[in-house]
Amino acid sequence: MLQQVNGHSSGSDAHGGESLREDLQEFLGGEAPLHQLDDLTKVNPVTLETVLRCLQARYTADTFYTNAGCTLVALNPFKPIPQLYSPELMQEYHAAPQPQKLKPHIFTVGEQTYRSVKSLIEPVNQSVVVSGESGAGKTWTSRCLMKFYAVVAASPTSWENHKIAERIEQRILNSNPVMEAFGNACTLRNNNSSRFGKFIQLQLNRAQQMTGATVQTYLLEKTRVACQASSERNFHIFYQICKGASADERLQWHLPEGAAFSWLPNPERTLEEDCFEVTREAMLLLGIDAPTQNNIFQALAGLLHLGNTRFADSEDEAQPCPLMDNAECSVRTSASLLRLPEDPLLETLRIRTIRAGRRQQVFRKPCSRAECDTRRDCLAKLVYARLFDWLVSVINSSICADPDSWTTFIGLLDVYGFESFPTNSLEQLCINYANEKLQQHFVAHYLRAQQEEYTAEGLEWSTVSYQDNQTCLDLIEGSPISICSLINEECRLNRPSSAAQLQTRIESSLAGSPCLGHNKLSREPSFIVVHYAGSVRYHTAGLVEKNKDPIPPELTRLLQQSQDPLLKVLFPADPEEKSQEEPSGQSRAPVLTVVSKFKASLEQLLQVLHSTTPHYIRCIKPNSQGRAQMFHQEEVLSQLEACGLVETIHISAAGFPIRVSHRNFLERYELLRRLCPGAAPSPRGPPPDEGRSEWSPHSEQATLQALLQDILHTLPALARAPAEATPAPVHCGRTKVFMTDSTLELLERGRAQVLGQCARCIQGGWRRHRGRKQERQRRAAVLIQAAVRSWLTRKHIQRLHAAATVIKRAWQEWRIRMAFLASKELDGVEEQHSSQVTCSLSSFPLPQAQTRLLGAVTRFWPLGLVLANAAVGARGFRRKLVVFACLPLPVGSLSSYTVQTAQEQAGVTSIRALPQGSIKFHCRKSPLRYADICPEPSPDTVTGFNQILLERHRLGHV
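Residues numbered from 1 in each chain as written. Predicted model: local features only at pLDDT ≥ 70, side-chain atom pairs only at ≥ 80, totals over all residues. Heavy atoms only, no water.

Chemist: Can you lay out the overall build of the protein chain for me, pointing to particular residues and giving the numbers?
Modeler: Of regular secondary structure, the protein chain possesses 31 helices and 19 strands. With the model as given, the accessible surface of the protein chain reaches about 49,800 Å², and the carbon-plus-sulfur share is 54%. (Helix = DSSP H or I, 4+ residues; strand = E, 2+ residues; numbered from the N terminus. Areas by Shrake-Rupley, 256 points an atom, 1.4 Å probe, with all protein chains shown as cover.)

Chemist: Lay out the pairing of strand 14 (residues 613-620) with the relevant residues and their values.
Modeler: Of all eight residues in strand 14, seven are buried; the element is thus mostly enclosed. Bridge count between strand 2 (residues 71-75) and strand 14: five bridges; the pairing is parallel. Residue Thr 71 lies in a different strand from strand 14, and its bridge partner there is Tyr 616. Pairing of strand 3 (residues 126-132) with strand 14, which is carried by seven bridges, proceeds in the parallel orientation. In the sheet register, Val 129 faces strand 14, and the bridge partner there is Tyr 616. (Buried < 20%, exposed > 50% of the residue type's maximum accessible area, 1.4 Å probe, protein only. Pairing = 2+ DSSP bridges.)

Chemist: Describe in detail the sheet that holds strand 10 (residues 408-414), supporting the description with residues and values.
Modeler: The seven strands are arranged 1-2-14-3-10-6-7 in an open sheet whose pairing can be described as mixed. Either end of the sheet is taken by a strand with one partner, and the two such strands are strand 1 (65-68) and strand 7 (210-218). For this sheet, the mean inter-axis angle between neighbouring strands, taken without regard to orientation, is 20 degrees. (Axes fitted to C-alpha atoms, helices over the stretch in contact; angles between N-to-C directions.)

Chemist: Mind laying out the pattern of salt bridges, listing which residues take part and the relevant values?
Modeler: Overall, the coordinates contain 28 salt bridges when judged by the stated rule. When the shortest N-O distance is used, the salt bridge between Glu 221 and Arg 224 registers 3.2 Å. Pair check on accessibility: Glu 221 and Arg 224 agree, each one buried. Note that Asp 274 and Arg 233 form a salt bridge whose closest N and O atoms lie 2.9 Å from each other. Placement of the pair is Asp 274 in the loop between helix 9 (247-253) and helix 10 (276-285) and Arg 233 in the loop between strand 7 and helix 8 (236-244), with a sequence separation of 41 residues. Each member of the pair, Asp 274 together with Arg 233, is buried. (Salt bridge = Lys/Arg side-chain N within 4 Å of Asp/Glu carboxyl O.)

Chemist: Account for the nonpolar core, with residues named and values stated.
Modeler: For soluble globular proteins, the rule of thumb is that nonpolar side chains tend to be buried together. One finds Phe 182, Ile 237, Ile 241, Ile 296, Leu 300 and Tyr 384 to be the most contacted residues of the largest nonpolar core, which totals 129 residues. Counting residues per element, this core draws most heavily on helix 14 (residues 369-399), at 15 residues. Contact partners of Ile 237, with chain neighbours within four places excluded, come to Ala 181, Phe 182, Thr 279, Phe 297, Leu 300 and Tyr 384. Core analysis: the second largest hydrophobic core is formed by 56 residues, Phe 199, Leu 429, Leu 609 and Ile 651 among them. (Core = buried A, V, L, I, M, F, W, Y, C linked by side-chain atoms within 4.5 Å. Contact = heavy atoms within 4.5 Å.)

Chemist: Explain helix 5 (residues 106-117) to me, and be specific about the residues and the numbers.
Modeler: Taking 1.5 Å as the rise per residue, helix 5 with twelve residues should run 16 Å; its terminal C-alpha atoms sit 17 Å apart, in good agreement. Counting buried residues in helix 5 gives nine out of twelve residues, a clear majority hidden from the surface. The set of residues buried in helix 5 consists of Ile 106, Phe 107, Thr 108, Val 109, Gly 110, Glu 111, Thr 113, Tyr 114 and Val 117. (Expected span 1.5 Å × (residues − 1).)

Chemist: Kindly report on the packing of helix 4 (residues 87-95) against helix 5, identifying the contributing residues and their values.
Modeler: Orientation of helix 4 relative to helix 5, taken along the N-to-C sense of each, is 45 degrees, at an axis distance of 9 Å. In terms of orientation, helix 4 lies oblique with respect to helix 5. Note that helix 4 runs across helix 5; the crossing there is right-handed. Side by side, helix 4 and helix 5 meet where Leu 89, Met 90, Tyr 93, His 94 and Ala 95 of the first sit next to Phe 107, Thr 108, Glu 111, Tyr 114 and Arg 115 of the second. (Parallel < 35°, antiparallel > 145°, perpendicular 65-115°, else oblique. Left-handed = near helix turned anticlockwise from the far one by under 90°.)

Chemist: Kindly report on empty space enclosed by the protein, identifying the contributing residues and their values.
Modeler: Scanning the model with the defined rule gives three cavities of 30 Å³ or more in all. Within this model, the largest cavity holds a volume of roughly 120 Å³. What lines the largest cavity is a set of 13 residues, among which Gly 132, Glu 133, Tyr 532, Gln 639 and Cys 643 lie closest to the centre. Every element with two or more residues in the lining of the largest cavity is listed here: strand 3, strand 14 and helix 24 (633-642). (1 Å grid on protein atoms, 1.4 Å probe; cavity = no way out; pocket = protein on both sides within 12 Å on 5 of 7 lines; lining within 4 Å. Points joined across faces, edges and corners; volume = space filled by probe spheres on them.)

Chemist: I'd like a rundown of the environment of Cys 472, residues and numbers included.
Modeler: Considering the arrangement of structural elements, one finds Cys 472 in helix 16 (residues 470-477). Taking the C-alpha atoms as reference points, Cys 472 and Tyr 532, separated by 60 residues in sequence, lie 7.8 Å from one another. With near-sequence residues (within four places) excluded, Cys 472 lies in contact with Glu 436, Cys 515, Val 529, Val 530 and His 531.

The structure is reproduced here in C-alpha cells:
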C-alpha cells in the first residue's frame, strides 16, 4: 500500500487497493507493450499507477519523453545521450511534414511552437513553460530548446544574412554558459541548479528567421554569495577562477594553490560545470574583452578575500569590533583587489552612520559583531548583484535586435523548481510562490479554462475534477491579509522584528486557511505551507531582514570611491542618488521589499504568458541521487500528483485541443466546399448599400452555421481515403469550432488536396495560354522571317541585276571601242595594200582559183581568225574542218588549199592582209572568252591583240 505523500492519501483503504490491483493485473502484467505507448492518453484506464508503470517501462527502455495530452513529460536520464540531441535529429523534426507523428521529443514541442508562430490562421506569440523540481532537467531542456531554435530559425537565403544569423545564433548560445556560471550553483538536489529565473524571448522577423533575443531575470539568490547550506556550494564562477586560473592570474588575483576561503565550501568536488575556459570564451564572443574579464575576476577574488574577514566581540561598546587573526591580511588583499582604500573599508564595515533630527545630524555608532558580519555580507551581495545585472544587460545589448526588425517571439521560461530543504527561508518561499503561480497559470489556462469554454460553447461535457491551488495562492499573496502582506508590514514597522512574534501573527491571522499547517514539535519559530507539490516548513528567523534587504548608504558611497573601472560602471557617482538616499524623516517613501519587487516582476511575466499560446514541458526527476537507470516510484508519484498530470490526461483524452473561431475556420477551410458539387456559393456578407435594414447578427450567424455544416459534411468524403481511420467528432460551438489533432490533420489534407486541384487547374490554364501565345508568336516569327528573307533576296537580286547591267554596259562599250580601234587600224592597212595589189595584179596576172581564194580571205577574215584561235580541244583536222566550214570556199579539191593555224606556226596568219607575207596576231588580256589561252606557246610569240605584225613571205608559202 502506498504511503501518504504531500498530505494526500493515495491508497489508505487496503481492500480498495487490492481490488484495484486485481482489476489492473492483466494490464499491468504485460509490461512489454507499455514502453511503446507514446501518449499517456492511450493508457486505459488512466490512473496514477498505470501512468507510473508506463513511465517506468519507457524509462527502462531508454525512452525519456512521453506525451500527456497537451503536456510533454520529460524524465531526466542522468547520463549523456549525444545522439538524442544531435543537429541531424533537429533537422529531421524540422523537416517532417507532421512532427507529432514522430517519437515524443522536446524538438516536437519546439517545432510546434515554431510552426504556430508562422501559422496563417492566427499567428500569435508562443511560449514554452519548463517546470519541475530542482534537478529534474529544466536547465538542460531549455538549453536544448535554444539550440533547436537557433538551428531551425537561422536559415537565410543570402550569404550576408547567413553570416548575420550565424553570429546571432552563436551569441544566443554563448549566453547560456555565462549565465549558468554566474547564476547556477550546486545544491543538495542538483549539481547545476538555477538560482535565478529567466525568461528568454527569441525574436523572429516576418520570414520566421531569428534576429535576436532578450533575457529577463528574476530573483537572483544573492545570499548564496555569503551563505551556503551544508553540502552545497557557491556559484560556479568562484570555483572556476580558483581551479582554471593560470599561474600569473593566481599571482595577480592572490589565489594561491590550496588557499582556503570561508565562502568557498566543498572545493574538492569537481563538476562538469567547473570549466573556466568555456566561460571565458563565451564572454569574449559576447563582446566582453580580456581586460574587462580580468576586472570581473579580480573583483570576484576580492569578494572571496572579503569573506575571510572575521570580527571579534568588542569589550567596549563604544569601540569598533576588532579583527580576528589573519583578518587584516584579508582586508588588505580585498581592498587591493577591489581598489578601495583600506581604512574607509574597515570603517564602513565596523561603524554605522545615523542621521537623526530635523537638521539631519550625523551620529557614528560602532556596530556589534553580528552587524559587522551583516554589513560585510551586504557589501558582497551588493557587488555581486550589480555585477550579475550588468552581465545581463551586456548580453541583451549583444543579442537584442532592433524593435522594428522583429514581429513575433517565442518565449522560453526556465525558473527554479520547487524546493524543500531542511532549512527554508525567504528564497525558498519566493521560489515556491513562483511555482505556485505557474501551476495556477497551467490550471487556469488548460484545466479550468478549457472546461469552462466547453460549457459556454454548448458542448456536452462532463466536468473533470482537478486540484486547484488557488487556496494556497490566497494564503501567500491574498488580500487583505496574507503571508507576504504580514512580512511586508513587519518591514514597515520601525521596531526590531522577532521570529516568534512573526510566527504568532501568521498563525493567528491566517488560521482559517486550509493550506497553513502547524508543527508544534518544532523548537524553532516556523510555519508550514501546503503547496501543490508538498508541504514545506519555513523558518521565520531572518525572514524580515532578508525581505528588507537594507543597503547602508555608506556602503554605496564607499564603492563609488573605487578606482576599479568595472566598479565605476557598476556604482556611478550620481548626485540624484545622494539626494534620494537621504530623505527627510517626514517624507520617507515606503520601503520596497524583496517580496514586493518579486511579486511585481512575476505579475509582468504572467501577463506576457497570458498574451501567448503556452506549451508545457513537465520535467520529472526519477530519483534524488542523480543516478542513471534508477526509478523511485514514490518520488515520481509525488511529482505526478503535484502537477496534476492525471487530470491533464483525462481532459486531453476527452477534450478538443484545437479551437478555431468561425470566421477563421471559414477563411481557411471554405474551399473544401468544392468537394461537394451541389454546394451553393457562399455569401460573404450583406451588399454595401442594399438590405442593411434586414441584415442582422442572427442572420449572419445562421449563414455561418450553414457554411460550417457544408464544410463539415466533407469530412466523410475525406475519411474515405485509403487506410484512413474514422475522424474524431467535430463540434461546432456558438463562436468556435472544436476538433482534435486528427481532425485538423484531415482538414489540412483535404485543403491541400483542393489547393492542389486548383493549382493544377491554374497551371493547365496558364500552360494552355502560354502554348497559344507561343504558337502565335511562332507564326508571327515565321511570317516576319519569310518577309525579311524575301526582301533580302529581292535586294540581292536587284544588286546582282544592277551589277550585271553595269558590267554588261561597260563590256559593250569596251568591246565597241576595241572593235572600232581595230577596224580603224586594219582599214588603213587594207587601203594601202589594195592599191599595191591592184598594181601587182595588173602587172602580174594570177590564176583564177588563187584570185577567188584571196577574195574569200579578204571578205571573211574575222570569222576565220576567231575559229583558228577558239576551242582548245579542237586541234588538227577538226580545226581545219571548222575553218573550211565557216569559210564559203568553192567546191573542189580541198588539197589545193592550205590553211595554216596559229598552233602549227609561231603565230596566226592573217587572211585579210595582202599576200606579200604572213600575218600574225599577238593577244594580251583579251576580253574574248578564249583569248588568253595559248595551246602551244612559243618563245617567239609576241603578246597583244590590237598589234598586228606583218612578216614578208612569199605567196607560195601561203
